[in-house]
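Here's the letter readout for the chains.
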Amino acid sequence: MRVGLVLEGGAMRGMYTAGVIDVFLDNEIKVDGIVGVSAGALFGVNYASGQHGRVIRYNKKYCADKRYMGFHSFLTTGNIINCDFAYYEVPLALDPFDDEAFQKSGVDFYAVVTNVETGEAEYIKIENTIRQLEVFRATSAMPFLSEIIEIEGKKYLDGGISDSIPVEKCRELGYDKIIVVLTRPLDYRKKKHSGTPARIKYAGYPKFAEAINSRYARYNEALDKISEMEERGEIFVIRPSRTVNIKRVEKDAEKLQEMYDLGVRDCSDSLLALRAYLNK
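Attention here is on the structure that accompanies the text. (Residues numbered from 1 in each chain as written. Predicted model: local features only at pLDDT ≥ 70, side-chain atom pairs only at ≥ 80, totals over all residues. Heavy atoms only, no water.)

### Side note on unusual backbone geometry
(1) Moving on: Look at Ser38: it is not a glycine, yet its phi comes out positive at around 55 degrees.
(2) Moving on: In this structure, Glu152 is a non-glycine residue whose phi angle is positive, near 50 degrees.
(3) Moving on: The exposed category is assigned to Glu152, whose relative accessible area is 81%. (Buried < 20%, exposed > 50% of the residue type's maximum accessible area, 1.4 Å probe, protein only.)

Put into structure tokens, the structure is as follows:
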């Protein structure tokens, strides 16, 4: 039996995911592969490297640091998240990511990115986190607030635009059991917004603009399908039991802790049912 883990994004709502994966590590919940989107990818790698507590630690430490994220970064670099600091200085020097442990884990890891020219999702397998740091930048590069990331001649932005919750991709990869970690409560649905900003901003990339404007419908359809699959016992879903009012670029360390603690509590409460699902 092969177990796959799907990790939704959501910027700093990803602290919920950080809490979940720490509970997994504490309770030796094993998975064979992960498909992560945006913050789900950024934070999910710490499960494979076995670095309990790292996500909440460095985010609380640096969330209010103007070098990390926010308006200052956007004005000075064109990116709401400072790429040099967040994607290089933190994981390579300030709070090192253990790439050796990641590679030895045996966990296959895929990051979802959106091809700006086609508007479609691509799934890049991570073999070496250090050499592929630009993939992590790409999967989490928020439209309107980030520069386009170019990798091997292709242009990418946020993977959540094209495939926010890649359950189908996880099934295609051949996993028998699938655990899905969402970062929104059960009753959440996206609303339709004006398509004009995307069409103006990405006038040179009409397929990407259309992907942004139709995302709400595809996301809601995915949630409906996930609920149906969950009810049939085909997948196991962990989602927030309540709403936490947390910003995408949250600078309040207490809010980050609240979201993380909710992930810990919800996952802990789900452990018996999760083990039953995996053992069935």
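### Some points on the environment of Val244
(1) Moving on: Structurally, Val244 is set in the loop between β8 (235-238) and α12 (253-279).
(2) Moving on: Considering only alpha carbons, one finds Val244 and Pro185, 59 residues apart in sequence, at a separation of 9.4 Å. (Helix = DSSP H or I, 4+ residues; strand = E, 2+ residues; numbered from the N terminus.)

### Quick word on the environment of Glu134
(1) Moving on: Relative to the elements of secondary structure, Glu134 occurs in helix α7 (residues 133-139).
(2) Moving on: On the basis of relative accessibility, which here comes to 26%, the residue Glu134 falls in the partly exposed class.
(3) Moving on: In this structure, the C-alpha to C-alpha distance between Glu134 and Tyr87, residues 47 residues apart in sequence, is 8.1 Å.
(4) Moving on: For Glu134, the residues in contact, after removing those within four places along its chain, are Tyr88, Ile149 and Ile151.
(5) Moving on: A distance of 3.0 Å separates the side chain of Glu134 from the side chain of Arg137, its partner in a polar contact. (Contact = heavy atoms within 4.5 Å. Polar contact = N/O pair within 3.5 Å; in protein donor to acceptor, adjacent residues only side chain to side chain.)

### Observations regarding the side chain of Asp158
(1) Moving on: Along the chain, the position of Asp158 falls in strand β6 (residues 154-158).
(2) Moving on: In this structure Asp158 is buried but unpaired, with Arg215 as the nearest side chain of opposite charge at 5.1 Å.
(3) Moving on: When near neighbours in sequence (up to four residues on either side) are disregarded, Asp158 contacts Ser38, Thr114, Ala138, Thr139, Ala141, Met142 and Pro143. (Lys, Arg positive; Asp, Glu negative; His and termini not counted. Salt bridge = Lys/Arg side-chain N within 4 Å of Asp/Glu carboxyl O.)

### Focus on helix α1 (residues 15-26)
Along an α-helix, a turn takes 3.6 residues, which lines up residues three or four apart on a common side.
(1) Moving on: Helix length check: α1 (12 residues) gives 17 Å between terminal C-alpha atoms against 16 Å at 1.5 Å per residue, within 8%.
(2) Moving on: For α1, the buried fraction is high: 10 of the 12 residues fall into the buried class.
(3) Moving on: By the burial criterion, the buried members of α1 are Met15, Tyr16, Thr17, Ala18, Gly19, Val20, Ile21, Asp22, Val23 and Phe24.
(4) Moving on: On the buried face of α1, the contacting elements are β1 (3-7), α2 (39-49), α3 (54-62), β7 (177-181), β8 and α12.
(5) Moving on: Positive backbone phi, at 55 degrees, marks Glu28, one or two positions downstream of α1. (Expected span 1.5 Å × (residues − 1).)

What is shown is where atoms sit, not what they do.
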